[in-house]
Amino acid sequence: EEPDLLLQAISSRWQLAELAPKALLADPAFVAQAVRFDWRILRLTTSGMRANREALEQAISQDGMSLELASVELRADRSLVLQAVRREGWALKYADKALRSDPEILLAASTSLPSTELALVAGDMGAETFGKLRLVGQAPSQVLMSSTLAVSLNAMD
């Protein structure tokens, strides 16, 4: 009964999760239910819970920036990163480095960020790539939508 009472309390004020016993904050079923009320509950959980895909999907559905709390493995999960950046382009900065240059992910991030901010967030994509995009007079999102992204960039070398 304790978990049910605590979940009821958390539903109206997420900070009450701080009162949860550590065992509950390490229980995947409890955490998945609690995160439905507020993604910030993940901040209170164990690192093992940050690898819980169900809890992370719940968190990302509320705020893409919750990707920051994901385990290293989940930050490299393309579908989770795509969900996160669709909700909040700035979440790209928490994605695995290899995904920060993925054209589909950059395009999703660009829908909520001006190209100058996208360049800052995607930093690891490289200034050279963004410089080339500016040289052709296109915003990164315009070039990324093109099926000839690689051809466009290679032609400028």
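Now for a quick tour of the structure. (Residues numbered from 1 in each chain as written. Predicted model: local features only at pLDDT ≥ 70, side-chain atom pairs only at ≥ 80, totals over all residues. Heavy atoms only, no water.)

Before going further, it helps to examine the pattern of salt bridges. A pair can form between side chains of opposite charge whenever their charged atoms are brought close. One pass over the full model with this rule turns up 6 salt bridges. A salt bridge links D38 to R40; the nearest nitrogen and oxygen atoms lie 2.7 Å apart. You can call D38 buried: its relative accessible area is 11%. Residues R86 and E104 are paired through a salt bridge, measuring 3.7 Å at the closest nitrogen-oxygen approach. Taken together, the positions of R86 in helix α6 (residues 78–87) and E104 in helix α7 (residues 103–110) put the pair 18 residues apart, joining distant regions of the chain. Under the relative-accessibility criterion, R86 is labelled exposed at 51%. Because the salt bridges share partners, they merge into one network encompassing R78, R86, D102 and E104. (Salt bridge = Lys/Arg side-chain N within 4 Å of Asp/Glu carboxyl O. Buried < 20%, exposed > 50% of the residue type's maximum accessible area, 1.4 Å probe, protein only. Helix = DSSP H or I, 4+ residues; strand = E, 2+ residues; numbered from the N terminus.)

Let us look at the packing of helix α4 (residues 53–62) against α6. The contact between α4 and α6 brings their axes to 8 Å, and the two run at 20°. In this view, α4 runs roughly parallel relative to α6, as classed from their interaxial angle. α6 is crossed by α4, and the crossing has left-handed handedness. Where α4 approaches α6, its residues R53, E57, I60, S61 and Q62 are matched on the opposing element by S79, L80, Q83, A84 and R87. Across the contact of α4 with α6, the residue classes tally to 3 nonpolar, 4 polar and 3 charged. (Axes fitted to C-alpha atoms, helices over the stretch in contact; angles between N-to-C directions. Parallel < 35°, antiparallel > 145°, perpendicular 65-115°, else oblique. Left-handed = near helix turned anticlockwise from the far one by under 90°. Contact = heavy atoms within 4.5 Å. Nonpolar A, V, L, I, M, F, W, Y, C, P; charged D, E, K, R; others polar.)

Moving on, we come to α7. Residues I105, L106, A108, A109 and S110 constitute the buried set of α7. Among the residues of α7, the N-terminal cap falls to D102, whose side-chain oxygen and the backbone nitrogen of E104 are separated by 2.9 Å. (Polar contact = N/O pair within 3.5 Å; in protein donor to acceptor, adjacent residues only side chain to side chain.)

Below, the discussion takes up the packing of α6 against α7. The N-to-C vectors of α6 and α7 enclose an angle of 20°; their axes lie 8 Å apart at closest approach. Between α6 and α7, the angle falls in the class roughly parallel. α7 is crossed by α6, and the crossing has right-handed handedness. On α7, the residues touching R78, V81, L82, V85 and R86 of α6 are E104, I105, A108 and A109. Tallied by class, the residues present in the contact of α6 with α7 amount to 6 nonpolar, no polar and 3 charged.

Following the sequence through the fold, R78 ends up in helix α6. Sequence spacing of R78 and D102 is 24 residues, and the spatial spacing of their C-alpha atoms is 9.2 Å. Setting aside its immediate chain neighbours within four residues, R78 contacts L99, D102, E104 and I105. At 2.7 Å, the side chain of R78 forms a polar contact with the side chain of E104.

Each pair of aromatic rings is reported with the distance of its centres and the angle of its planes. This structure, assessed with the given rule, holds 0 aromatic pairs. It is R36 that lies over the ring of F37; its NZ or CZ is 5.5 Å from the centre. (Phe/Tyr/Trp six-rings, centres within 6.5 Å; stacked < 30°, edge-to-face > 60°. Lys NZ or Arg CZ within 6 Å of the ring centre and 35° of its normal.)

Such coordinate-based values are descriptive only and should not be taken to indicate function.
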